[in-house]
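Report on the structure
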Amino acid sequence: RSAASVTEDLLNEMIDANEDDVMPNVETFARVMNCHAQASKGNDAPSNVQRLMDQMQRLYESGIETLKPNTEVHNAKIKSLAVPGVSDGAMRAVDALHWVVNEYREGNKDLRPTRATFISTINAQTTNGGKRAAQEAEKVFSMMQSVSREFKDDELLPNV
């Protein structure tokens, strides 16, 4: 069994215990999602992450406020799309990036894009972007710069 499966089992045990002092929060879910993004292969990575996102969303909608999806969770989703062999991973990562940016523009302060949001999207271009990977990565980089100016956030700029 993979480390991701073991961490997901622990997550589910925490949920099943249904006790406030062991209830997972959004960071717990994000960590397990990142485990799947790193340990899963091909299309399994985004499928596993999406399954966890759906589970977290249902729990949030049932009234568990500490499970409100945030940037870290969506970064894990984008990271999972950068796993080699993910069908349409590059395009899906760009779509996810645009969604996060637009949500933030519309006032969802829990979904402020970070440098990692953009870097994971660029990684998806280089691993799953095919012949146009370099051009698409450049578009994401340009978007990173323009969003940094729009949001007046130098933290979004590359740190090299």
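Quick caveat: nothing in here was measured; it's all calculated off a predicted structure.

1. What to know about the pattern of salt bridges
Under the counting rule described, the total for this entry stands at 8 salt bridges. Where arginine 1 meets aspartate 9, a salt bridge forms, and the shortest distance between an N and an O atom there is 2.0 Å. The exposed category is assigned to arginine 1, whose relative accessible area is 72%. The partner of glutamate 136 in a salt bridge is lysine 139, with the nearest N and O atoms 3.3 Å apart.

2. Quick look at the side chain of histidine 74
Along the polypeptide, histidine 74 turns up in helix α4 (residues 71-81). Its relative accessible area of 9% is what places histidine 74 among the buried residues.

3. Regarding the environment of glycine 42
Position of glycine 42 relative to the elements: it lies in the loop between α2 (26-39) and α3 (44-61). Residue classification places glycine 42 among the buried residues on the basis of a relative accessible area of 15%. Sequence separation of glycine 42 and alanine 82 is 40 residues, and the distance between their C-alpha atoms is 9.1 Å. In this structure glycine 42 touches Val83, Pro84, Gly85 and Val86, once residues within four positions along its chain are discounted.

Definitions and limits used
- Residues numbered from 1 in each chain as written.
- Predicted model: local features only at pLDDT ≥ 70, side-chain atom pairs only at ≥ 80, totals over all residues.
- Heavy atoms only, no water.
- Salt bridge = Lys/Arg side-chain N within 4 Å of Asp/Glu carboxyl O.
- Buried < 20%, exposed > 50% of the residue type's maximum accessible area, 1.4 Å probe, protein only.
- Helix = DSSP H or I, 4+ residues; strand = E, 2+ residues; numbered from the N terminus.
- Contact = heavy atoms within 4.5 Å.

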